Amino acid sequence: MNWRNWTACIVGSCFILGVFLLHQGVAVAEVAPADLKEAETFENGAAINQKAAADGARYAVSLEQAIQIARQAFAVPGELDQFSSGFSQSEQNSFWNLRWYRNSEPGGEMNVKVDAGTGEIWSMYKWLPRGPGVVYRGLPRYSREQSEAMAAALAQKLQPGRFGETSLQPGSDYVPPLSVNEREQVEYNFYYARYVDGVIYSDNGISVAVNGDTNEVIRFDVNWEEARDFPPPAGKIAPEQAEQVFYSESAPELYYYRPYAPYGVEAPVQLVYKLPESRRQVVIDALTGELLNNEVSYNYKQASMPDGAGGAGNYLFDQAIRLNPAEEDQVDRLKNVIPQDEALKIAKSAVAIPPKYVLTSSRLEQDYSFKENKSWEFSWQAGDGSDDGGMDVSVNAVNGELVAFSRRYNRYEDLKSPVVKFSDEEALHIAEDYIEKNQPGRWAQVVFGSLRPVQGLVIDPLEEPRPRAYAINYTRVTNGVKFPQNGFDLEVNSATGEINSYRMTWWDVQFPDPQGVISQEAAADNYLREAPLTLGYLRTWAPEKSVKPREEGKVHLVYYQPNRNFAMLDAFTGRILDEEGKTVTPAGEKESFSDLAGHPAREAVELLAEAGIVTGADGRFRPDDPVTQAELIAMLVKSSGRSPGAAAGGKEPWYRSYYDTAELLGIIRAGEKPEPDAAVNREDLARLAVQTMGLYNVARLSNIYVLDFQDANDISENLRGHAALSVALGLIKPVEGKFEPKAVVTRAEAAETIVRLLINGK
């Protein structure tokens, strides 16, 4: 998370906290002296303490002492010449909230929270704009290992007791694209999770963020509650028993999956193993062996756990791009699109439109993911001026099928407690009859997916919520394999039995043959090997019940997967994949290649691989193969902080977008003829590397350079400046006094040059 997001969080939190404290009558004060003179600080501290004492509270740490504690822990930047303080109180703690800031441009602030009872620092946040001439480029100055030592030392100093009960967890750093151009700061994030009786409680711990370019701590935060309701681990089931629950009740299942791909980019359907479609995580009660309810929310910190389900969602027009009149005209004339009036007739015959409804909108829309899919979208609204709802209907503009409809009810209906006249089983029959009648062929290609009550408003906090509707899903099946992104979604009104909304999602895509996929047991083995079940404490909360308060959270001793950083598995290889269907490098591991052992360029290649600048294939990098022009152009574009997407429709060669971007960045000259498969020599490497640094106008003045190479006459006349600059900047190293301009460059040598390019750009 960058500083802007953190600032927004802090400002919003402070506002809410201030309102809450004022409402509760808790002592709150603000002081803002022009400078931080001790007398003024003491005066303000005394005023706040007098107010707190008047409320019947006494604190061991005064405001003056809190300021001194904060200043001893952190150096307050001199440019932050303004100061304010606040006081907050909870059931467990009372805090002095200290803020140093600068009103004038370009701003800046530092916030510190000090426990008014113990003097312990619980949080610090600092943001300062970069000084004149300070630019971050290339590789960060400090490694994660160097910054980790800084983070641990600070946590030990500020929270020695609590830090001793923690252990460092795998984390997720913020590393912007490493670029020879200006970039944002690198942020290393360290989380020390709390352990209770030797069992991890991820929701409690100490967080530290360090700027990788300056090695300064920019955030420090403690989240800690009194241990009261932790069940003792004695009597827990063995890990092997928890794994058996996983295998028998929540093992990954075989699915078809199509990665999200906008603007008509090709994205082949894949065969994957994912957790059962209704489950996003596995949490097993370690005392009973029960698989905990998937609807319960869990409070715990973990690595990113992407939801790979995707799908069309339940909104009527959620993936459409509005065509302008000129585009509509072209589509009408050049494509086989049903005329608007014909589509309107289909809509009216498919869905009963109340007589008093008036057509308010008609439009032709383009599907966001498939260029060949278009639909006519119609909207009606009550024409008598009343707020009596409306209707939206979507018709396939090519084949005339009903795609979706949605009733918009009087908004006051949602403010009433629902009257339930239809059970979930009756609603299910209504949905089934509708699909079978309107889509008999496709009805035979779906299976029941899920039924979920849509809870209505709870007027009486003591009464149980009642469903105002039932959300029902049927999933498409092809070759005996489910395709959850396709199927039917309906909502049936519990009071009237009417279908509130309907959507059919059915893509014309190719499905790979499932012959040869690994077994479900093998997939489950891989899943647990990549994300083992871990014993830990989790605090769970019952689902929200409309306006009815949630039940108090309860701590469970569970087996769960705190560090799952993938969404699914490749069904043929078992490799872990992200939500885009791409192979994931396990968190904390650097990508390695089988053919780099002992190679002098191994460190450079792995560094660039970690940054996404170079890639290999089948676990090999081919370091000693000649680097092609297309490969080098792609590396240089990525080292400039740019990573173009695939060509729309997959019709252009993979390197086309890299050449286009390279021309925009000045890496190659406008009109330069691409030679994607040509091997790159050393003078070409010098030309492209120097131009990546934006030095073309200097390098092209070839006559001003004196070349001290034995083979200087072998260098092309127009590249003498590029060769001289590449050596002077340390990008290319001479070989025994020679530049060797025509020598072919290997992939490893290209990687080493790019690393020097990134280092030189700092």
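On a predicted model such as this, the values are computed, not experimentally measured, just so you know. (Residues numbered from 1 in each chain as written. Predicted model: local features only at pLDDT ≥ 70, side-chain atom pairs only at ≥ 80, totals over all residues. Heavy atoms only, no water.)

Caption draft 1: Representation of the overall build of the chain within the structure. Scanning the chain from terminus to terminus reveals 18 helices and 25 strands. For the chain, with 762 residues in total, the buried portion stands at 48%. Here the analysis covers contacts within the chain between residues at least 6 apart in sequence; of these, 64% occur between residues at least 24 apart. (Helix = DSSP H or I, 4+ residues; strand = E, 2+ residues; numbered from the N terminus. Buried < 20%, exposed > 50% of the residue type's maximum accessible area, 1.4 Å probe, protein only. Contact = heavy atoms within 4.5 Å.)

Caption draft 2: Structural view of the nonpolar core. One finds V605, L608, V614, L632 and I633 to be the most contacted residues of the largest nonpolar core, which totals 52 residues. For this core, the elements supplying multiple residues, two or more each, are α12 (602-610), α13 (629-639), α14 (656-665), α15 (682-692), α17 (720-728) and α18 (747-760). Sequence-distant contacts of I633, that is, excluding residues within four places in its chain, are made with Y658, Y659, A662, I667, I668 and L688. Counting 41 residues, the second largest nonpolar core, distinct from the first, contains F370, W507, A524 and L535. (Core = buried A, V, L, I, M, F, W, Y, C linked by side-chain atoms within 4.5 Å.)

Caption draft 3: Seen up close, unusual backbone geometry. Here E105 and P106 are connected by a cis peptide whose omega angle stands at 5°. By secondary structure assignment, the location of P106 is in the loop between β2 (94-101) and β3 (109-115). Not every positive phi belongs to a glycine, and D197 is a case in point at roughly 55°. In this model, N479 sits at a positive phi of 55°, which is unusual for a non-glycine residue. Mapping N479 onto the fold places it in the loop between β19 (467-478) and β20 (481-493).

Caption draft 4: Spotlight on the pairing of strand β7 (residues 199-211). The buried fraction of β7 is high, at twelve of 13 residues. By the bridge criterion, ten bridges tie strand β6 (residues 187-196) to β7 in an arrangement that is antiparallel. When the sheet's bridge partners are listed, Y195 is paired in β7 with I200. From the end of β6 to the start of β7, which pair antiparallel, there are two residues, and D197 there has a positive phi angle of about 55°. Relative to strand β8 (residues 217-223), β7 is paired through six bridges, and the arrangement is antiparallel. Bridging from a neighbouring strand, I206 pairs with V222 of β8. Linking β7 to β8, which pair antiparallel, is a turn of five residues; within it N215 sits at a positive phi near 65°. (Pairing = 2+ DSSP bridges.)

Caption draft 5: Examining empty space enclosed by the protein more closely. Scanning all chains against the criterion turns up two cavities of 30 Å³ or more. The computed volume of the second largest cavity comes to approximately 40 Å³. Lining the second largest cavity, in full, are Q92, N93, W122, R162, W224, E225 and E226. Classifying every residue of the lining of the second largest cavity gives two nonpolar, two polar and three charged. (1 Å grid on protein atoms, 1.4 Å probe; cavity = no way out; pocket = protein on both sides within 12 Å on 5 of 7 lines; lining within 4 Å. Points joined across faces, edges and corners; volume = space filled by probe spheres on them. Nonpolar A, V, L, I, M, F, W, Y, C, P; charged D, E, K, R; others polar.)

Caption draft 6: Just the packing of helix α6 (residues 239-249) against helix α11 (residues 520-530), in detail. At a closest axis distance of 11 Å, the pairing of α6 and α11 adopts a crossing angle of 135°. With respect to α11, the axis of α6 lies oblique. When you trace α6 past α11, the crossing you get is right-handed. Contacts between α6 and α11 involve E243, F246 and Y247 from the first element and E521, A524, D525, Y527 and L528 from the second. Residue composition of the contact of α6 with α11, grouped by class: five nonpolar, no polar and three charged. (Axes fitted to C-alpha atoms, helices over the stretch in contact; angles between N-to-C directions. Parallel < 35°, antiparallel > 145°, perpendicular 65-115°, else oblique. Left-handed = near helix turned anticlockwise from the far one by under 90°.)

Caption draft 7: Quick peek at helix α9 (residues 424-438). With 15 residues, α9 should reach 21 Å at 1.5 Å per residue; the first-to-last C-alpha distance of 21 Å fits that figure. Within α9 the residues assigned to the buried category are A427, L428, A431, Y434 and I435. The arc that holds the buried residues of α9, viewed along the axis, is 130°, so those residues lie on one side. In α9, the exposed residues that point more than 90 degrees away from the buried face are E425 and K437. (Expected span 1.5 Å × (residues − 1). Arc of directions from axis to C-beta.)

Caption draft 8: Structural detail: the side chain of D711. For D711, the position within the fold is in the loop between α16 (696-699) and α17. Buried within the structure, D711 lacks any salt-bridge partner; K738 is the closest side chain of opposite charge, at an N-O distance of 6.2 Å. There is a polar contact of 2.9 Å between the side chain of D711 and the backbone nitrogen of F739. Those residues within four positions of D711 in sequence are excluded, and the remaining contacts are K738, F739, E740 and P741. (Lys, Arg positive; Asp, Glu negative; His and termini not counted. Salt bridge = Lys/Arg side-chain N within 4 Å of Asp/Glu carboxyl O. Polar contact = N/O pair within 3.5 Å; in protein donor to acceptor, adjacent residues only side chain to side chain.)

Caption draft 9: Up close: the pairing of strand β4 (residues 121-127). Counted residue by residue, β4 has seven buried out of seven residues, so it is predominantly covered. Note that β3 and β4 share six bridges and pair antiparallel. Note that in β4 the partner of K113 across the bridge is S123. The turn linking β3 back onto β4 is made up of five residues, and G119 within it adopts a positive phi angle of 80°. Pairing of β4 with β8 involves three bridges; the strand directions are antiparallel. Pairing of S123 across the sheet is with D221, part of β8.

Caption draft 10: Representation of the environment of K157. Mapping K157 onto the fold places it in helix α4 (residues 144-158). K157 gets classed as exposed once you look at its relative accessible area, which sits at 53%. For the pair K157 and A73, spaced 84 residues apart in sequence, the C-alpha separation works out to 8.7 Å. With sequence-adjacent residues up to four places away left out, K157 is seen in contact with Q72 and A73.

Caption draft 11: Inspection of the packing of aromatic side chains at higher detail. For the structure shown, the criterion picks out 27 aromatic pairs. Aromatic pair F483 and W507: ring centres 5.8 Å apart, planes at 70°, arrangement edge-to-face. With a gap of 24 residues between them, F483 in strand β20 and W507 in the loop between β21 (499-505) and α11 connect regions that are remote in the sequence. Taking relative accessible area as the criterion, F483 reaches 0% and is therefore assigned buried. Residue classification places W507 among the buried positions, given a relative accessible area of 11%. Ring geometry for F709 and F739: centres 5.4 Å apart, planes at 40°, overall tilted. Here the residue F709 occupies a position in the loop between α16 and α17, and F739 occupies one in the loop between α17 and α18, the gap between them amounting to 30 residues. Looking at R747, its charged tip hangs above the ring of F621, at a distance of 4.2 Å from the centre. (Phe/Tyr/Trp six-rings, centres within 6.5 Å; stacked < 30°, edge-to-face > 60°. Lys NZ or Arg CZ within 6 Å of the ring centre and 35° of its normal.)

Caption draft 12: Structural detail: the environment of R687. With respect to the helices, strands and loops of the structure, R687 is situated in helix α15. Its relative accessible area of 13% is what places R687 among the buried residues. Remark: the alpha-carbon pair of R687 and A699, spanning twelve residues in sequence, is separated by 8.5 Å. In terms of polar contacts, R687 uses its side chain to reach the side chain of E672, at 3.0 Å.

Caption draft 13: Structural view of the pattern of salt bridges. For the structure shown, the criterion picks out 22 salt bridges. R656 is the salt-bridge partner of D660, the closest N and O atoms lying 3.2 Å from each other. Placement of the pair is D660 and R656 together in helix α14, with a separation of four residues, close to one helical turn. R656 sits in the partly exposed class, given a relative accessible area of 29%. Residues joined in a network through salt bridges with shared partners are R622, D625, E631 and R747.

Function cannot be read off these values alone, since they describe shape.
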